[in-house]
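Notes for the structure review
One letter stands for each residue in the lines below.
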Amino acid sequence: MIIRLLSIQFARLKRQKLLYLYFILMATIIISNALGCAGSLDDNGMRYYAGGRFPMMCMQSHIDIIGTLFLSFISAVLICGEKASGMFKQPLLNGVSKKQLLIAKTVSIFTIALICFLFVIIFSIGIGFLLWGNHVFDNAQEYFLQIILLAFPQMIIVLFLVLLSLYMSNISSMMCTSLIILLVNNLFSQFFGNYVLFVDFMYYLYAFSGYNGVALESNIIVLGIVVNIITGIILIYGINRRINNMTM
């Protein structure tokens with residue numbers, strides 16, 4: 001049953017071509033970043049990311065706002081859109097529970113998040129290889145560790161967006177709320193990181209990617225994993241409680 005629901009979700013996203021739009025946008029940004037790095041003569045600016053650090057620069061562009069906002073839009077389309085139109089009720093007539101439907105939608109969003117994540121990594125390494133050859137792998141051990149660590153807050157952000165979408169009435173309210181949360185969180189993460197690192201899982205999108213030169217230290221790694229796991233448990237509980245109490 002879940003497999004059939006998943007195929008329906010993917011078919012819907014494929015018809016709307018939302019993922020292709022992301023590919024085009026992110027590919028344009030990556031190419032622009034690559035040309036900026038290749039043409040920069042400033043060792044303290046874009047030139048710092050030329051070669052071995054280029055893939056992580058592109059990942060920073062993804063996690064900053066673009067990737068998260070795109071996932072917010074996907075969540076809005078799959079959940080808020082159906083709530084607003086009343087389509088969320090339709091599968092219930094065929095013996096599918098609300099929980100099963102939401103699991104299928106959540107797995108779909110997780111899959112889209114993984115595809116976007118891998119696209120940025122593979123495409124940035126490919127473009128970097130064309131410009132700098134094997135030098136794009138100079139810092140491979142460092143940025144592959146960062147990529148593995150970033151998988152934690154990326155998974156939790158999906159759960160957060162699913163829970164948020166369950167409380168939003170339509171797509172526009174979901175997008176506005178998500179954008180406000182991201183902008184405020186970006187501000188607090190960059191300027192008040194020492195205060196939010198114990199409670200804010202999204203802070204680790206920046207900490208694990210080396211954003212603004214944040215050092216990736218062992219205590220930050222351990223704390224970040226713990227914060228993300230605890231947040232994930234809380235979000236799963238919140239999603240389960242919301243779907244059980246939801247009246248549609």
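Residues numbered from 1 in each chain as written. Predicted model: local features only at pLDDT ≥ 70, side-chain atom pairs only at ≥ 80, totals over all residues. Heavy atoms only, no water.

**Side note on the overall build of the protein**
For clarity, the cut-off: Think of it this way: any DSSP run of H or I at least four residues long counts as a helix, any run of E at least two long counts as a strand, and we number them from the N terminus. The cut-offs for exposure are 20% and 50% of the maximum accessible area for each residue type, with area from a 1.4 Å probe on protein chains only; residues under the lower value are buried, those over the upper are exposed, and the others partly exposed. Should any heavy atoms of two residues lie within 4.5 Å, those residues are counted as being in contact.
Scanning the protein for helices and strands turns up nine helices and zero strands. In sequence order, the protein lays out its α and β elements as α-α-α-α-α-α-α-α-α. Across the 248 residues that make up the protein, the buried fraction comes to 48%. The contacts of the protein with a sequence gap of at least 6 include a subset with a gap of at least 24, amounting to 76%.

**So, the environment of asparagine 244**
Mapping asparagine 244 onto the fold places it in helix H9 (residues 218-245). Overall, the relative accessible area of 47% leaves asparagine 244 in the partly exposed class.

**Concerning the packing of helix H2 (residues 18-39) against helix H4 (residues 98-132)**
The cut-off we apply is this: Lines fitted to C-alpha atoms define the axes here, with helix axes fitted over just the stretch in contact, and angles between the N-to-C directions of these axes take values from 0 to 180 degrees. For classification, angles of less than 35 degrees are called roughly parallel, those exceeding 145 degrees roughly antiparallel, those between 65 and 115 degrees roughly perpendicular, and all remaining angles oblique. Left-handed is the label given to a crossing in which the near helix is rotated counterclockwise from the far helix by less than a right angle, and right-handed is the label when the rotation is clockwise.
Close contact between H2 and H4 brings their axes to 10 Å; oriented N to C, the two are set at 30°. Our classification of the angle between H2 and H4 gives roughly parallel. Once H2 is placed against H4, the crossing between them reads as right-handed. Here Leu19, Tyr22, Phe23, Met26, Ala27, Ile30, Ile31, Ala34, Cys37 and Ala38 of H2 come into contact with H4, specifically with Ile112, Ile115, Cys116, Phe119, Val120, Phe123, Ser124, Ile127, Leu131 and Trp132.

**Looking at the nonpolar core**
Worth spelling out the cut-off: Note on terminology: a nonpolar core comprises buried Ala, Val, Leu, Ile, Met, Phe, Trp, Tyr and Cys residues joined through side-chain atoms within 4.5 Å.
Ranked by internal contacts, the top residues of the largest apolar core, which has 75 residues, are Phe54, Met59, Phe70, Ile74, Ile112, Ile157 and Tyr204. Listing elements by their share of this core, those giving two or more residues are H2, helix H3 (54-85), H4, helix H5 (140-167), helix H6 (171-191), helix H8 (203-207) and H9. With 15 residues, H5 is the single largest residue contributor to this core. Once residues within four sequence positions are removed from consideration, isoleucine 74 is found in contact with Leu13, Leu18, Ile109 and Ile112.

**Brief notes about the packing of aromatic side chains**
Note the cut-off: Under the pairing criterion, centres of Phe, Tyr and Trp rings, with the six-membered ring standing for Trp, must be within 6.5 Å; the plane angle then separates stacked pairs below 30 degrees from edge-to-face pairs above 60, leaving the rest tilted.
Tallied over the entire structure, the rule returns ten aromatic pairs. For the ring pair phenylalanine 119 and phenylalanine 123, a centre distance of 5.3 Å and an interplane angle of 15° mean the geometry is stacked. Of the two residues, phenylalanine 119 and phenylalanine 123 both sit in helix H4, four residues apart, roughly one turn of that helix. Assessed through its relative accessible area of 18%, phenylalanine 119 is described here as buried.

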